[in-house]
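Residue-level structure breakdown
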Amino acid sequence: MGRILSEYGIYLLEALGKTLLLALLGLFFGCIIGVVFGLLSVVKSKVCNWISLVYVNIIRGIPMIVLALFVYIGVPYAFKNFFGTRVMLTSLAAGTICLAVNCGAYMSEIIRAGIQAIDPGQMEAARSLGLPYWKSMFRVVLPQAIKNMVPSIVNQFIITLKDTSILSVIGFPELVNKGQNIIARTFMSFQTWIIVGVMYLFVILVLQWVAKMLERRLNRGR
Amino acid sequence: MADNRNVKIHVENLQKSFGKHKVLTGITTDIHEGEVVVVIGPSGGGKSTFLRCINRLEEISSGTVIVDGYDVSSKKTDINKMRENVGMVFQHFNLFANLNVLGNLMLAPTELKKANKQEAKEEALKMLDMVGLLEKAEAFPHQLSGGQKQRVAIARALCMHPDIMLFDEPTSALDPEMVGEVLAVMKELAKKGMTMVVVTHEMGFARDVADRVLFIADGIIVEEGTPEQIFQNPQNQRTIDFLNCVL
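What comes next is a walk through the structure. Computed from a predicted structure; not experimentally measured.

1. Things to note about the overall build of chain B
Of regular secondary structure, chain B possesses nine helices and ten strands. Over its C-alpha trace chain B gives a radius of gyration of 18 Å, about what one expects of a compact globule, namely 18 Å for 247 residues. Based on the C-alpha atoms only, the size of chain B along its principal axes is roughly 55 × 45 × 40 Å. The buried share of chain B, taken over its 247 residues, is 56%.

2. Considerations on the sheet that holds strand β2 (residues 21-32) of chain B
Residue and element names in this part refer to chain B. Read from one edge of the open sheet, four strands run β2-β1-β4-β5, paired in antiparallel fashion. The two strands at the open ends of the sheet, each matched to only one other strand, are β2 and β5 (70-71). Across nine bridges, strand β1 (residues 7-18) lies against β2 in antiparallel orientation. Within β2, the position partnered with Gln15 by the bridge is Thr25.

3. Structural notes on the interface of chain A and chain B
Taken together, the contact pairs 19 residues of chain A with 24 residues of chain B. Three residues stand out in chain A for area buried against chain B, namely Ser128, Leu129 and Arg139 of chain A, and they jointly supply 31% of the buried area on that side. Connecting chain A to chain B are three salt bridges. Here Lys135 of chain A ties to Glu111 of chain B by a salt bridge, and the two come within 3.8 Å at their closest N and O atoms. The interface formed by chain A and chain B includes nine residue pairs in polar contact (both at pLDDT 80 or more). Elements supplying a minimum of two residues to the side of chain A that touches chain B: α5 (120-128) and α6 (133-163) of chain A. Per-element accounting of the side of chain A that touches chain B gives the leading share, seven residues, to α5 of chain A.

4. Section: the packing of helix α1 (residues 2-42) of chain A against helix α7 (residues 175-186) of chain A
Residue and element names in this part refer to chain A. Closest axis-to-axis distance for the α1/α7 pair is 8 Å, and the angle between their directions is 155°. By the angle between their axes, α1 is roughly antiparallel relative to α7. In terms of crossing hand, the pair formed by α1 and α7 is right-handed. Between α1 and α7, the residues in contact are Arg3, Ile4, Tyr8, Tyr11, Leu12, Ala15, Leu16 and Thr19 and Leu175, Lys178, Asn181, Ile182, Arg185 and Thr186, respectively.

5. Here's the deal with unusual backbone geometry
All names here are of chain B. Located in the positive-phi region is Asn13, a residue other than glycine, with phi close to 50°. Structurally, Asn13 is set in strand β1. Take Asn13: its relative accessible area is 39%, and that puts it in the partly exposed class. The backbone phi angle of Asn94 is positive, close to 55°, even though this residue is not glycine.

6. Observations concerning the packing of aromatic side chains
Residues and elements named next belong to chain A. For the structure shown, the criterion picks out eight aromatic pairs over all chains. Ring geometry for Phe82 versus Phe83: centroids 5.3 Å apart, planes at 75°, classification edge-to-face. Of the two residues, Phe82 and Phe83, both sit in the exposed class. Centre to centre, the rings of Trp134 and Phe138 are 6.0 Å apart; their planes meet at 35°, and the pair counts as tilted. Here Trp134 pairs with Phe138, and both are found in helix α6, just four residues apart, close to one helical turn.

7. A short note on the nonpolar core
Residues and elements named next belong to chain B. Residues Ile40, Leu105, Ile154, Met165, Phe167, Met186 and Met196 are the most contacted members of the largest nonpolar core, which totals 53 residues. The leading source of residues in this core is helix α6 (residues 176-191), at eight residues. Not counting residues up to four positions away in its chain, the partners in contact with Leu105 are Ala124, Met127, Leu128, Val152, Ala155, Arg156 and Cys159. Ranked by size, the runner-up nonpolar core spans 41 residues in total, among them Val39, Val67, Met88 and Leu107.

8. Comments concerning the sheet that holds strand β10 (residues 220-225) of chain B
Residues and elements named next belong to chain B. The sheet built from six strands is open, its strands ordered β6-β7-β8-β3-β9-β10 with mixed pairing. Looking at the sheet topology across the chains shown, the edges are occupied by β6 (86-89) and β10. Direction aside, the axes of adjacent strands within the sheet are offset by 20° on average. By the bridge criterion, four bridges tie strand β3 (residues 36-40) to strand β8 (residues 195-199) in an arrangement that is parallel.

9. Quick look at helix α4 (residues 117-130) of chain B
Residues spaced three or four apart along an α-helix face the same direction, because each turn holds 3.6 residues. Residue and element names in this part refer to chain B. Across its 14 residues, α4 extends 20 Å between first and last C-alpha, which sits within 8% of the 20 Å expected from 1.5 Å per residue. Restricting attention to buried positions, one finds in α4 the residues Ala120, Glu123, Ala124, Met127 and Leu128. All buried residues of α4 project into a common sector of 140° when viewed along the axis, lining one side. Opposite the buried face of α4, by more than 90 degrees, sit the exposed residues Glu122 and Lys126.

10. Topic: the environment of Tyr8 of chain A
Residue and element names in this part refer to chain A. Tracing the backbone shows Tyr8 in helix α1. Taking the C-alpha atoms as reference points, Tyr8 and Thr192, 184 residues apart in sequence, are found 9.9 Å from one another. Each residue touching Tyr8, except ones within four places of it in the same chain, is listed here: Arg3, Ile182, Arg185 and Thr186.

Reading guide: rules and limits
- Residues numbered from 1 in each chain as written.
- Chains lettered and ligands numbered in written order.
- Predicted model: local features only at pLDDT ≥ 70, side-chain atom pairs only at ≥ 80, totals over all residues.
- Heavy atoms only, no water.
- Helix = DSSP H or I, 4+ residues; strand = E, 2+ residues; numbered from the N terminus.
- Rg over C-alpha atoms; globule rule 2.2 N^0.38 Å.
- Buried < 20%, exposed > 50% of the residue type's maximum accessible area, 1.4 Å probe, protein only.
- Pairing = 2+ DSSP bridges.
- Contact = heavy atoms within 4.5 Å.
- Buried area = accessible area lost by both parts, 1.4 Å probe.
- Salt bridge = Lys/Arg side-chain N within 4 Å of Asp/Glu carboxyl O.
- Polar contact = N/O pair within 3.5 Å; in protein donor to acceptor, adjacent residues only side chain to side chain.
- Axes fitted to C-alpha atoms, helices over the stretch in contact; angles between N-to-C directions.
- Parallel < 35°, antiparallel > 145°, perpendicular 65-115°, else oblique.
- Left-handed = near helix turned anticlockwise from the far one by under 90°.
- Phe/Tyr/Trp six-rings, centres within 6.5 Å; stacked < 30°, edge-to-face > 60°.
- Core = buried A, V, L, I, M, F, W, Y, C linked by side-chain atoms within 4.5 Å.
- Expected span 1.5 Å × (residues − 1).
- Arc of directions from axis to C-beta.

Take a look at the structure:
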């Protein structure tokens, strides 16, 4: 284990950096997608609700590994057959798309449930004062909903962070991918996977600690 | 009944269905400026639905409702403008849980540019004083008793300076000892000449404060009249049965 750490330590830290970069990109765009589709699922419009429902159900119904291979290999292949030109997505771009689309679907559900859990009387009271729908949503309903959503959102962050490992299959140089490289050279799979596992665990423990702090601060007003 | 006063709320053949279930089957009435109308009747008879149709918290199925010159039954009407003029108080208070008392009172006036922060705050404090809760300005809703919450809710509605106030069973969710303090505030309002529509089970309030009592059952106004007429000399058998149960 000492040999791997001394020879490949920097190499693994670099991979951890890539993992975090991919996770952050995926979470950032995932949150945006999640908010948009989450709101689409609660507004009083059948069409909007339906769009959100279809998106969420398709993404939830497909394993991310399938999505990743489709985006990274399937789509460029079809593109070449169709238009004759070769368009390659980098593995970072393809990975970000998959992660964001996947995370977005689950976030959308968290946001929908969070909003629907708020007493409809809150919205009615705001509307009865003459406040428009979106003002009522942003000033009254969402602030309360977000507070309740924090634990689920943190949970989703952790899942998305771990999901980056799936993107090793499209060659993105994150922890699992690099770990496999190390094993190919050293044949020390037991030690390598322990080190990789501990690295994930460490990051997630830090994330959880930050989340606890945040939650405590949000609940101070109550 | 003062029929020479301005009509504030004009309701004509108002009907409302939830799916196949017809809740209001044809309500017609005029409510005049400064009038206090108390709506009584059995649960499920359509009292609250009637009230909620007035500011379109419920979509109207058919008929005409005109409030302060705004045609509530028309989809083209700017419903938010109309609601600024019509305060509503709910059975379950519905104070904004994320804001303190002052925040609750100041949100709508500042967001809707009725007042700047300073003016809104002064106004809010004045209203809080009126309902006797000045010392609770910084409190959060969960720190208040039911009666206090409801008085804050009334103050919140008044901060928009409405011409009309709608009360949807304002004392039904209160402990008995807190009913009085809320009714006192409502009486005060009535005395000041506010146009009020009050759905309630407080027959005492109806008797003391109402200019007119509507008895609504099965989606129609079964009987209406002054409190004396309704309580001492009801004509309709349905009204008589109801009053026998509650009095």
